[in-house]
Amino acid sequence: MCGRELLPVVGQLQPERADAARNRRRIIDVAARLIAECGARQLSLDEVAREAGVGVGTVYRRFGDRTGLLWALIDEQERRFQAAFMTGPPPMGPGAPPAARVRAFLRALVDRIVAQQDMFLQLEIGPAKGRFSGPYRIHHTHLATLVAQACPDLDAGFLADALLAPANAHLIRFQLDERGMSVEAVKSGFDALAETLLRAGPCPHATDG
């Protein structure tokens, strides 16, 4: 079973001095405003630094690069999301059968991606190493644990990847904009996918305590 302690996301920082914390908060607030005004695709670290009143070197030291800043911007919602599936109420949190938790997790993940879709779109075009570490690693571990509980004879790690594969911002945007699907229709598709995969092998009626 997954541990109850929240796992770190990409860009997480250690405790810092008050002045450094204020600079970090100012940079994040400015970046969020610029994204709201112009979109994540137009985000420039030079402009963020100028608007925040800090040197661009400070931005690079704090966040590494543009991708690191984007991860920092999604960090707060990601932490709430992690708390919900690790320690929150069922069916997403402990107390529901594993298959029900898988479905609830995937539905919430769709909402999670839609809520900050513009930023996720930019993160998905970055290096694969970044895309498949951090939150993806945590989501995969959680899903693999639930799949293993529900269907011990299946390859839980591969199926966790298979369940997460369509949970990407580019595909979801295409489904919403080009196919005219509603968010609820996308979630129903994930329900069907999870049900189909979890029925593919001998799955005892496992429960999650």
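Residues numbered from 1 in each chain as written. Predicted model: local features only at pLDDT ≥ 70, side-chain atom pairs only at ≥ 80, totals over all residues. Heavy atoms only, no water.

S.K.: Lay out the side chain of Gln175 with the relevant residues and their values.
M.R.: Here Gln175 shows up in helix α10 (residues 169-177). If near-sequence neighbours (up to four positions away) are discounted, Gln175 is found in contact with Gly180, Met181 and Val186. (Helix = DSSP H or I, 4+ residues; strand = E, 2+ residues; numbered from the N terminus. Contact = heavy atoms within 4.5 Å.)

S.K.: Can you lay out the packing of aromatic side chains for me, pointing to particular residues and giving the numbers?
M.R.: Counted under the stated rule, the structure contains four aromatic pairs. Considering the side-chain rings of Phe81 and Phe105, the 5.4 Å spacing of their centres and the 35° angle between planes classify their relative orientation as tilted. Placement of the pair is Phe81 in helix α4 (residues 66-87) and Phe105 in helix α5 (residues 98-115), with a sequence separation of 24 residues. In this structure Phe105 comes out as buried when scored by relative accessible area, which is 0%. Three or more aromatic residues joined by ring pairs form one cluster here, namely Phe81, Phe85 and Phe105. (Phe/Tyr/Trp six-rings, centres within 6.5 Å; stacked < 30°, edge-to-face > 60°. Buried < 20%, exposed > 50% of the residue type's maximum accessible area, 1.4 Å probe, protein only.)

S.K.: Any details on unusual backbone geometry? Residues and values, ideally.
M.R.: With an omega dihedral of 10°, the bond running from Pro90 to Pro91 counts as a cis peptide bond. If you trace the backbone, Pro91 turns up in the loop between α4 and α5.

S.K.: How would you explain the nonpolar core if you had to name every residue and give the values?
M.R.: General note: in soluble globular proteins, nonpolar side chains tend to be found buried as a group. Formed by 58 residues in total, the largest nonpolar core has its most connected members in Leu69 and Phe105. Sorting elements by how many residues they give to this core places α4 first, with nine residues. Discounting residues that sit within four places of it in the chain, Leu69 has contacts with Ile27, Ala31, Leu43, Leu45, Val48 and Phe63. (Core = buried A, V, L, I, M, F, W, Y, C linked by side-chain atoms within 4.5 Å.)

S.K.: So what's going on with the environment of Leu163? Residues and values would help.
M.R.: As for its placement among the helices and strands, Leu163 is situated in helix α9 (residues 156-164). On the accessibility criterion, Leu163 (1% relative accessible area) is buried. With 19 residues separating them in the primary sequence, Leu163 and Ala144 have C-alpha atoms 9.7 Å apart. Every residue in contact with Leu163, bar those within four places of it in the chain, is listed here: Val102, Leu106, Leu143, Val147, Phe190, Leu193, Ala194 and Leu197.

It is worth stressing that arrangement in space is one thing and function is another; only the former is reported here.
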